[in-house]
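Architecture and fold: a report
Here is what each chain is made of, one letter per residue.
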Amino acid sequence: MASMRDIKRRKGSIQSTQQITKAMKLVSTVKLQRAKQNAEKSGNYFHCMFDTVNSILKKTGSLDHKYLKSGQSGKKAVIVITSNRGLAGGYNSNVIKLITRGELAGEDLAIYAVGKKGREALQRQYEIKADYSDVIEEPAYVDAMVISKDVLEAFSKGEISEIYLAYTAFKNTVVHVPTLLKLLPVAISEESEKMGEETAVGDDRAPMNFEPEDEEALNLLIPKYITSLIYGGMIEAVASENGARMQAMDSATSNAEEMIENLTLLYNRARQGSITQELTEIIAGANAIS
Amino acid sequence: MADNNLFTLRIITPERVFYEGEVSMVEFNTTEGEIGIYKKHVPMTVIVNPGIVTITEAEGTKIAALHAGFAEILQDKVVILAEIIEWPEEIDVERAQAAKSRAEERIRSKTPETDILRAETALQRALARIHVIG
């Protein structure tokens, strides 16, 4: 049986760990609230953006535009949004797994890293084109503009043929889904096509006009569309990160509590054992004298 | 009667809903020139150029500096998706002045490498900001 002092020391260390995990949980709860509000506030914008771009694309479906077809040569690029800090459960590794084991596994990829954890995990295997890790602390729309400008430039030059976005979608506080989204070439998914049809019947009484003309409008709109998707991805990723950390820290705190309970039991047993032993010794000593 | 001339205007930015209300007219600058919109405008999507957006409500007018984005115009509703837009009180005058002189300088001393389009956009932005403050 471990000595009383060992048990006491162990208990102390677990207690201080528990204090840290508890504090981290509280911090991420607060951050989660804020990130969630941000995600909700910006939701409006993306919805409108999505609808507009889709309605244009539907109208100009057969248009031969540089953003609508994949490049001839070059690698595929992935923008990987992870966190700068660990201790968030499976949050980071889930996003990384998406790339190393998902549909893009084994391909030669160019990585645009947002978040240190993703960069560190992927730099052994892939080429890191750029690192924007600082922005994930407090994502602003301007940051997304910088990233989208860089990737679109590389796309126009033919350095990369397709652009993907890997991030963690925030469904609610406990459900976060690692998602791989294709940004370029822009493709209308079946789902959105259906959605588009419904709204088209619903509220479009007159056909939409575009000024400037379709092609030019696409030139200007698609970068904005990509930017907004990247921004949305970052906002959701931050919310997911804090949600994941909150959950991880919550279970760490309750595990610590359980361990402390067990150790307290052990400690008391050891204490009682030593008292009994002392008593036995004293009685034996007294008996020996008389 | 007055009520019938009103339509819904929403100005949305990635960070927040900037403005939402019933207005009788909205004016702003697009890539094709300045436009003013009343109710029952032909449905149209336009790209925004840096400039001033003037919102005419029943009780008066409001102005703001609108820098980038696009607008979806429907018969009884206008949605402006603005990447950057500011109320006059949110603008930093000194920064705008500095940006203006920087852009002017860049256009004046142009070299083959100068991105004239970018400098001009920057100048337009700075001018819009300064103008809004009045």
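Naming follows an unreviewed UniProt entry, where chain B appears as ATP synthase epsilon chain of Parablautia muri. On record in UniProt, under Subunit (unreviewed entry), the comment for chain B is "F-type ATPases have 2 components, CF(1) - the catalytic core - and CF(0) - the membrane proton channel. CF(1) has five subunits: alpha(3), beta(3), gamma(1), delta(1), epsilon(1). CF(0) has three main subunits: a, b and c." Reading the Sequence similarities (unreviewed entry) entry of the UniProt record for chain B gives the comment "Belongs to the ATPase epsilon chain family."

Chain A carries the name ATP synthase gamma chain in an unreviewed UniProt entry, which gives Parablautia muri as its organism.

Below, the discussion takes up the overall build of chain B. Per the secondary structure count, chain B includes 2 helices and 8 strands. Along chain B, from the amino end to the carboxyl end, the secondary structure elements read β-β-β-β-β-β-β-β-α-α. If one aligns the C-alpha atoms of chain B with their principal axes, the spans along those axes are about 55 × 30 × 25 Å. Residues counted as buried form 33% of the 134 residues belonging to chain B.

Before going further, it helps to spend a moment on the overall build of chain A. Secondary structure assignment for chain A yields 6 helices and 6 strands. Along chain A, from the amino end to the carboxyl end, the secondary structure elements read α-β-α-β-α-β-α-β-β-α-β-α.

Before going further, it helps to spend a moment on the pairing of strand β3 (residues 127-131) of chain A. Residue and element names in this part refer to chain A. Pairing between strand β2 (residues 109-114) and β3: 4 bridges, direction parallel. The residue of β3 that forms the bridge with Y112 is A130. Handedness of the crossover joining β2 and β3 through helix α3 (residues 116-122) is recorded here as right-handed.

Turning our eyes to something else, we now look at the nonpolar core. Residue and element names in this part refer to chain A. Grouped together as the largest cluster of nonpolar side chains are 94 residues, with contacts concentrated most on I79, V80, A166 and M234. A per-element tally of this core places helix α6 (residues 214-289) first, with 18 residues. Apart from the residues within four sequence positions on either side, A166 is in contact with V78, I79, V80, I81, V95, L98, I99 and L180.

This next bit is on the sheet that holds strand β4 (residues 160-170) of chain A. Residue and element names in this part refer to chain A. Strand order in this open sheet of 5 strands is β3-β2-β1-β4-β5, and the pairing throughout is mixed. Of all strands in the sheet, those bounded by a partner on one side alone are β3 and β5 (176-184). Recorded for the sheet is a direction-independent mean angle of 25 degrees between the axes of neighbouring strands. Pairing between strand β1 (residues 75-81) and β2: 6 bridges, direction parallel. Looking across to β2, one finds that I79 is bridged to Y112. Here α6 sits on the sheet in contact with β1, β2, β4 and β5, set at roughly 35 degrees to β4.

The next subject is the environment of B:E34. Here B:E34 is to be found in strand β4 (residues 33-37). Sequence separation between B:E34 and B:E86 is 52 residues; the distance between their C-alpha atoms is 19 Å.

Turning our eyes to something else, we now look at α6(A). Look at α6(A): 110 Å from first C-alpha to last across 76 residues, which is about the 112 Å you get at 1.5 Å a residue. Of all the bends found along α6(A), the most pronounced is centred on A:L221 and spans about 30 degrees, while A:P223, a proline, follows it within four residues.

With that out of the way, let us pick up the interface of chain B and chain A. Contacts between the two partners involve 20 residues from chain B and, on the opposite side, 20 residues from chain A. Elements supplying a minimum of two residues to the side of chain B that touches chain A: β5 (44-47), β7 (61-74) and β8 (77-86) of chain B. Among the elements that make up the side of chain B that touches chain A, the one with the highest residue count is β5(B) (4 residues). For the side of chain B that touches chain A, the residue count by class is 11 nonpolar, 4 polar and 5 charged. With 3 bridges joining them, strand β6 (residues 209-211) of chain A and β5(B) adopt parallel strand pairing. Each bridged residue has a counterpart across the sheet, and for A:N209 the counterpart in β5(B) is B:M44.

All names here are of chain B. Sheet analysis places β5 next to β7, joined by 4 bridges and oriented antiparallel. Across the sheet, I47 pairs through a bridge with F70, a residue of β7. Taken together, strand β6 (residues 51-56) and the strand that follows it, β7, pair antiparallel across an intervening segment of 4 residues, in which G60 is found at a positive phi of about 155 degrees. As defined by bridge partners, β7 adjoins β8 across 9 bridges and the pair is classed as antiparallel. Looking across to β8, one finds that G69 is bridged to A82. Connecting β7 to the antiparallel partner β8 that follows it, the hairpin turn spans 2 residues.

Here we take up the packing of helix α1 (residues 93-108) of chain B against helix α2 (residues 116-133) of chain B. Residues and elements named next belong to chain B. In contact at an axis separation of 8 Å, α1 and α2 are set at 150 degrees when each is read in the N-to-C sense. The crossing of α1 and α2 is left-handed. Contacts from V93, A96, Q97, A99, K100, A103, E104, R106 and I107 in α1 reach I116, A119, E120, A122, L123, A126, L127, R129, I130 and I133 in α2. Residue classes in the contact of α1 with α2 are distributed as 13 nonpolar, 1 polar and 5 charged.

Moving on, we come to the environment of A:A270. Residue and element names in this part refer to chain A. Mapped onto the elements, A270 comes out in helix α6. Judged by the 18 C-beta atoms lying within 10 Å of it, A270 is partly exposed. For the pair A270 and Y91, spaced 179 residues apart in sequence, the C-alpha separation works out to 41 Å.

Turning next to unusual backbone geometry. Residue A:L87 is not a glycine yet carries a positive backbone phi of 55 degrees. For A:L87, the location among the structural elements is in the loop between β1 and α2 (91-101). Look at A:L87 and you get partly exposed, because 16 C-beta atoms sit within 10 Å. A positive phi angle, near 65 degrees, is found at B:K40, a position not held by glycine. Structurally, B:K40 can be placed in the loop between β4 and β5.

Analysis parameters
Residues numbered from 1 in each chain as written. Chains lettered and ligands numbered in written order. Predicted model: local features only at pLDDT ≥ 70, side-chain atom pairs only at ≥ 80, totals over all residues. UniProt positions renumbered as here; feature names shortened; annotations may be inferred. Helix = DSSP H or I, 4+ residues; strand = E, 2+ residues; numbered from the N terminus. Buried ≥ 20, exposed ≤ 12 C-beta atoms within 10 Å, placed from the backbone. Pairing = 2+ DSSP bridges. Right-handed = clockwise from strand over helix to strand, strands pointing away. Core = buried A, V, L, I, M, F, W, Y, C linked by C-beta atoms within 7 Å. Contact = placed C-beta atoms within 7 Å. Axes fitted to C-alpha atoms, helices over the stretch in contact; angles between N-to-C directions. Expected span 1.5 Å × (residues − 1). Bend = angle between axes of the 7 residues up to and from the residue. Nonpolar A, V, L, I, M, F, W, Y, C, P; charged D, E, K, R; others polar. Left-handed = near helix turned anticlockwise from the far one by under 90°.

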